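# Overview (structure and organization)
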Amino acid sequence: MKILIVGGGGREHAVAECFARSEQVTQVYVCPGNAGIARQYKCISLPDHPSILHFCKSEDIHMVFIGPEQAIAEGLSDYLEAAGLAVLAPSKQAAMLETSKMFAKDLMNKAGIPTAKYFKAFTLKEAFDALSGFALPVVIKADGLAAGKGVTVAFSSSEALAAISDIFGSEGKLNNVGAVIEEYLSGWEVSLFAFCDGEEFQSTLFAQDHKQIYDNDKGPNTGGMGAFCPVPEAEVYRKQIEDEIIRPVLKIMKSNGAPYKGILYCGLMITKEGPKVIEFNCRLGDPEAEVLLPLIETDFVDVCTAMIYGNISEMKLQFKKATAVGVVMASKGYPGSFEKGYPILMSELDKEGIYYSGVAASEHGLVTAGGRVLCIVGIGDSLVSARDKAYAHLKNIEFENACYRSDIGLRNNYL
Ligand code: AMP
Ligand code: GLY
């Protein structure tokens, strides 16, 4: 059978690999993919939703997996599903759990799901006035999708005011219609991914992302500079997270007429009072996918089929008893501006454990073409050995202006 994966980053590369491991799969296409993914899988550019549908019909695609939130927010899953295709991604309406922070907060409030206290502001003045009701630090979030740039943890009033000004007004960089002002939660962060079929779910492994650009969690937030999976310290909270967070979300989404089918990403803060939701995403994380998916032993076609056709609770999910550590190599300057076009030096045969994001083809081979360039994943029987493998591999890959964190998997801030 043939599978189409929509997206073009390391996450989609890992998804392609996960499908390719299934004996049922004869061909994996990635749209648009990138020059690195194209070394292993067929990448195709399709400019719009009708062309994707046309391709699926003419190529007899069995299943479409949509990776990035933008395509889901644009309603690609609804569009393809309406034409009779099997699609693994939530509907546009269900994806509001990610695409509107206000929607997600109100829903959690209504369902009694533990999360930070919040205030919804629709104007600059409302947001400024609301600040007096929150202690510092305070968290300011743009309501809509902002490519990872919509959240500021403000440690001073002036930082909070600047973040609010960025969200509203013609001068504002984000030009958003609303802001959520939120209580700061302290604790440690972890993510849990649930495979959902609209009604039931199975939670998978915990992963931990490293969002800040520099070691020791310093500097601005990025899309993610590295991750590891699983996180044994989080296991004691699994049942509570399932009972108090995931199950109530699925129940309220269904009763609202927008059942959640697909992968639900729960971004959590483990606080002294227990796990609380920082955010929901309607997709796999990047680079979390690169460390979660290589550990899945169950046939991924069967897993996705169960989510699509409503029998996920009957699936027996199995994972490798191993740890995966992923380290992102980025272009110096990211998440701000950076230079591109530098040749990436590595062995042509070097494919295992590398997931490509911001790369392009040139007459000299692969060159850098984005902020996050690639993610290198090591798998071992412990966090230490997986880390060692990832960093040893990374030493064999070079490009000018490369930067990466040297402390992925070294946090020790569990409560
Ligand atoms: P988000 O995009 O909502 O995941 O936010 C990005 C990052 O901001 C999170 O990974 C947290 O590190 C931080 N953050 C968001 N909300 C809060 C909160 N209420 N308290 C503390 N940190 C937060
Ligand atoms: N790595 C965080 C995300 O994908 O949202």
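Our structure's up above, just so we're on the same page.
Residues numbered from 1 in each chain as written. Chains lettered and ligands numbered in written order. Predicted model: local features only at pLDDT ≥ 70, side-chain atom pairs only at ≥ 80, totals over all residues. Heavy atoms only, no water.

### Description of the environment of Val377
Applied cut-off: Only DSSP runs of H or I covering at least 4 residues are called helices, and only runs of E covering at least 2 are called strands; the numbering of each starts at the N terminus. The cut-offs for exposure are 20% and 50% of the maximum accessible area for each residue type, with area from a 1.4 Å probe on protein chains only; residues under the lower value are buried, those over the upper are exposed, and the others partly exposed. Contacts are assigned to residue pairs with any non-hydrogen atoms lying within 4.5 Å of each other.
Its place among the elements puts Val377 in strand β21 (residues 372-380). Using a relative accessible area of 10% as the deciding quantity, one classes Val377 as buried. Expressed as a C-alpha distance, the spacing of Val377 and Ala234, which sit 143 residues apart in the sequence, is 21 Å. Those residues in contact with Val377, other than ones at most four positions away along the chain, are Glu290, Val291, Ala324, Val325, Gly326, Gly353, Tyr355 and Ala390.

### Description of the packing of aromatic side chains
This is how it is decided: Each pair of aromatic rings taken from Phe, Tyr and Trp, with Trp reduced to its six-membered ring, is defined by centres within 6.5 Å and is described as stacked if the planes are under 30 degrees apart, edge-to-face if over 60, and tilted in the remaining cases.
Scanning the entire structure with this criterion turns up 10 aromatic pairs. Ring geometry for Tyr29 and Phe55: centres 5.0 Å apart, planes at 85 degrees, overall edge-to-face. Separated by 26 residues along the polypeptide, Tyr29 in strand β2 (residues 27-32) and Phe55 in helix α2 (residues 49-59) bring together distant segments of the chain. For the residue pair Tyr29 and Phe55, the accessibility class agrees, reading buried in each case. On the basis of an interplanar angle of 40 degrees and a centroid distance of 6.1 Å, the ring pair of Phe65 and Phe300 is categorised as tilted. Here Phe65, found in strand β4 (residues 61-66), pairs with Phe300, found in helix α11 (residues 300-309); they are 235 residues apart in sequence, far enough to count as distant. Taken as a pair, Phe65 and Phe300 share a single burial class, namely buried.

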